[in-house]
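Descriptive structure summary
What follows is each chain in one-letter form.
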Amino acid sequence: MVPAVTAKYDWILAITTIAFVFSAFGNGANDVANSYATSVAARTLNMATAGVLAVITEFIGAVALGARVTSTIKNGIIGIGRFKGKPGALMLAMGCAEVGSATWLMVATRMGFPVSTTQTVVGALIGVGFASGAPVTWAWEKGSVSQVAASWGIAPLIAAAFSALIFATLKYSVLERRDPLKWAMRLIPFYLAITGAILALFIVVEAPTAPSLEEFGAGKAAGIILGVFAGCLVIAYVFFMPYFHRRLVKNDTRVKFYHIPMGPLLLKDDVPLYYPSKSDTVVINYYEDAYGEVLAGQKTGGQQRATENDDSTTTSPEILAKTAPAERLNGDEEKNLNSLNSTPQIKPRKKHLGPTERFIDPVRDLSWTNPKKYWGYIKWMLLQGVTRDVVSHDSPALREIHARASRYDDRVEHLWTYCQVASAMMMSIAHGSNDVANAVGPWAAVYSTYHAGVVETKAPTPVWFLVVAGLLLGIGFWFFGYHIVRALGNKITQMSPTRGFSVELGAAITVLLASRLGLPVSTTQCLTGASMGTALMNYDLGAVNWRQLGWIGAGWVLTLPCAGLVSGLLCLMALNTPHL
């Protein structure tokens, strides 16, 4: 039975619930896209596969690892004493905060601003605090506005340093050695094991339901790291290495990732394969865009436009090593004949079909009595967000930026796709476990206060809250996340699996260390800074899209005032509205 004091405010609960749906959806479209942006940009995953993984990983993170007790006042950013004895006012304030958060997340995502959902909620609460007269925490302390603002500069720089260091070790130990594939085969088991160990610790420490590192104990933490490292190393040598050897050394085009469980059997020459692939290529070209063009490694690629063919489409540049004799390569190992011949020859420029061209145009002239027409429109609605081109950015400026990035052996790049996918999934699980509270918090406050009839500062979060939020996070990425994938992927620099791996692992390490030091960093800002750090390892400032970084930084600065303005104005008008 709902208490009489709050029963009359059921309309606030209804509006907040609607806002929660949009807030969780926008959270998924913006923040979840961060986790998978580099994997999609590097062609390690396509948007559809990333979308399916996002739904699964966000759901696991939210439901299995999500907090069971959600703090209704995020980070203590405003004082709760102002609402003492006034449950209706608290419901109104939290409802306005949810509306403000949802509004800014949807607008920011549509504009291509990768923003912090945590800072969005903080901004919304600041606006509510101003409107209601509740005190706002400005002083330098944990979760304060000052620390949030400081994180805009701290987080990207730390992440940039870590990702640059990781890519530097990879660049000089593998990518630019005389025989990169040989060194890659030697070192990939250790990279797989190190990645698994770091990400295991990331999940253990970052999960809201886990004890603090001090309570957990350094010995147990070290045991987890060493145990996972040893386990991953064994798995790598037993299962992955035979698969890599058969596919990349023996060039067996029939072998695909689902043959990894066969392990040592793949070393036999006559082993029968279940569901052998019919592909005629060993690995794909990880530097090719959706139109079949490769720009990386060509300093003037943005200025040299290929001639047009009869179909008025441009022909992509030919790979230099295919036509140039060895002496013309000046000993540059990354452009040697064997390395670049591992990639299929680039075909004439292709045309990427968008959702409308793919699903609507074929059935446009059909009668509405034809079921195929309805099926075409259904596919157009359901696959709208995962069939767009988020890899290519066909502008002269970006072509020039991509051309300045170094290009490496696609066989070596392929080895690091497995590390990259693992790190992206772990980042997504961690996001689901932590940031689900950003959408659930205000809604849970309104829901619990409505049913209790008194102000609830901490509310037990029902599992079904987390189930709904987890699904909405994944669905948000599926339908709307392509905006952020496009903004964070190749629009900053030319991405590849080795670069994407360095970006994701560098960001994960930054978030892990910052959380131990009590610094309020954002995963979004860490990934952006990590992308910049990896891009700078081309040793060419022209290989970084500084204009895009400035655009993203502007989104961070606008987050607090915009979210606060929406929620604050709504709350101010509602609290001071005249009555008949």
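Everything numeric here is computed off the predicted structure, so don't read it as measured data.

**Details of the nonpolar core**
Most often, soluble globular proteins have nonpolar side chains that are buried together. One finds Phe-20, Tyr-36, Met-47, Ile-78, Met-94 and Phe-477 to be the most contacted residues of the largest nonpolar core, which totals 76 residues. When residues no more than four places from it in sequence are discounted, the contact partners of Tyr-36 are Leu-45, Ala-50, Leu-53, Ala-54, Thr-57, Ala-424, Met-425, Ser-428 and Phe-477. Ile-260, Val-282, Ala-296 and Trp-416 belong to the second-largest nonpolar core, a separate cluster that totals 40 residues.

**Describing unusual backbone geometry**
Backbone geometry at Arg-43 places phi at a positive 65 degrees, although glycine is not the residue there. Residue classification places Arg-43 among the partly exposed residues on the basis of a relative accessible area of 27%. Backbone geometry at Tyr-539 places phi at a positive 55 degrees, although glycine is not the residue there. With respect to the element layout, Tyr-539 can be found in the loop between helix H20 (523-536) and helix H21 (546-575). By relative accessible area, Tyr-539 is classed as exposed at 54%.

**Description of the confidence of the model for the chain**
Across the chain, the average pLDDT comes to 81, with 83% of residues at or above 70. Overall, residues 300-337 carries pLDDT values under 50, and its contacts beyond four positions in sequence, including any with other chains, amount to 68 contacts.

**Details of the packing of aromatic side chains**
The final tally for this structure, using the stated rule, is 21 aromatic pairs. Here Phe-240 and Tyr-418 contribute two aromatic rings whose centre-to-centre distance is 5.9 Å and whose plane-to-plane angle is 75 degrees, an arrangement assigned as edge-to-face. Residue Phe-240 is located in helix H9 (residues 218-249), and its partner Tyr-418 is located in helix H16 (residues 417-452); the two are separated by 178 residues in the primary sequence. Connected via pairs of aromatic rings, a cluster forms that spans Phe-20, Trp-443, Tyr-447, Trp-464 and Phe-465. Of note, Arg-186 hangs over the ring of Trp-183, and the distance from its end group to the ring centre comes to 4.7 Å.

**Considering the packing of helix H4 (residues 87-111) against H21**
With their axes 8 Å apart at the nearest point, H4 and H21 run at an angle of 145 degrees to one another. Between H4 and H21 lies a crossing of right-handed hand. Where H4 abuts H21, its residues Leu-92, Ala-93, Cys-96, Ala-97, Val-99, Gly-100, Thr-103, Trp-104 and Met-111 lie against Trp-551, Gly-555, Leu-558, Thr-559, Cys-562, Ala-563, Val-566, Ser-567, Leu-570, Cys-571, Ala-574 and Leu-575. For the contact of H4 with H21, a count of residues per class yields 16 nonpolar, five polar and no charged.

**Some thoughts on the environment of Trp-368**
Looking at where Trp-368 falls in the secondary structure, it is placed in the loop between helix H12 (355-360) and helix H13 (371-382). Filtering out sequence-adjacent residues up to four positions away, Trp-368 remains in contact with Lys-373, Tyr-374 and Tyr-377.

**Observations concerning H21**
The end-to-end C-alpha distance of H21, which contains 30 residues, comes to 44 Å, matching closely the 44 Å that a straight helix rising 1.5 Å per residue would cover. Considering bend angle alone, the principal kink of H21 is centred on Leu-558 and spans about 45 degrees; proline Pro-561 follows within four residues of it.

Rules behind the numbers
- Residues numbered from 1 in each chain as written.
- Predicted model: local features only at pLDDT ≥ 70, side-chain atom pairs only at ≥ 80, totals over all residues.
- Heavy atoms only, no water.
- Core = buried A, V, L, I, M, F, W, Y, C linked by side-chain atoms within 4.5 Å.
- Buried < 20%, exposed > 50% of the residue type's maximum accessible area, 1.4 Å probe, protein only.
- Contact = heavy atoms within 4.5 Å.
- Helix = DSSP H or I, 4+ residues; strand = E, 2+ residues; numbered from the N terminus.
- pLDDT = per-residue confidence, 0-100.
- Phe/Tyr/Trp six-rings, centres within 6.5 Å; stacked < 30°, edge-to-face > 60°.
- Lys NZ or Arg CZ within 6 Å of the ring centre and 35° of its normal.
- Axes fitted to C-alpha atoms, helices over the stretch in contact; angles between N-to-C directions.
- Left-handed = near helix turned anticlockwise from the far one by under 90°.
- Nonpolar A, V, L, I, M, F, W, Y, C, P; charged D, E, K, R; others polar.
- Expected span 1.5 Å × (residues − 1).
- Bend = angle between axes of the 7 residues up to and from the residue.

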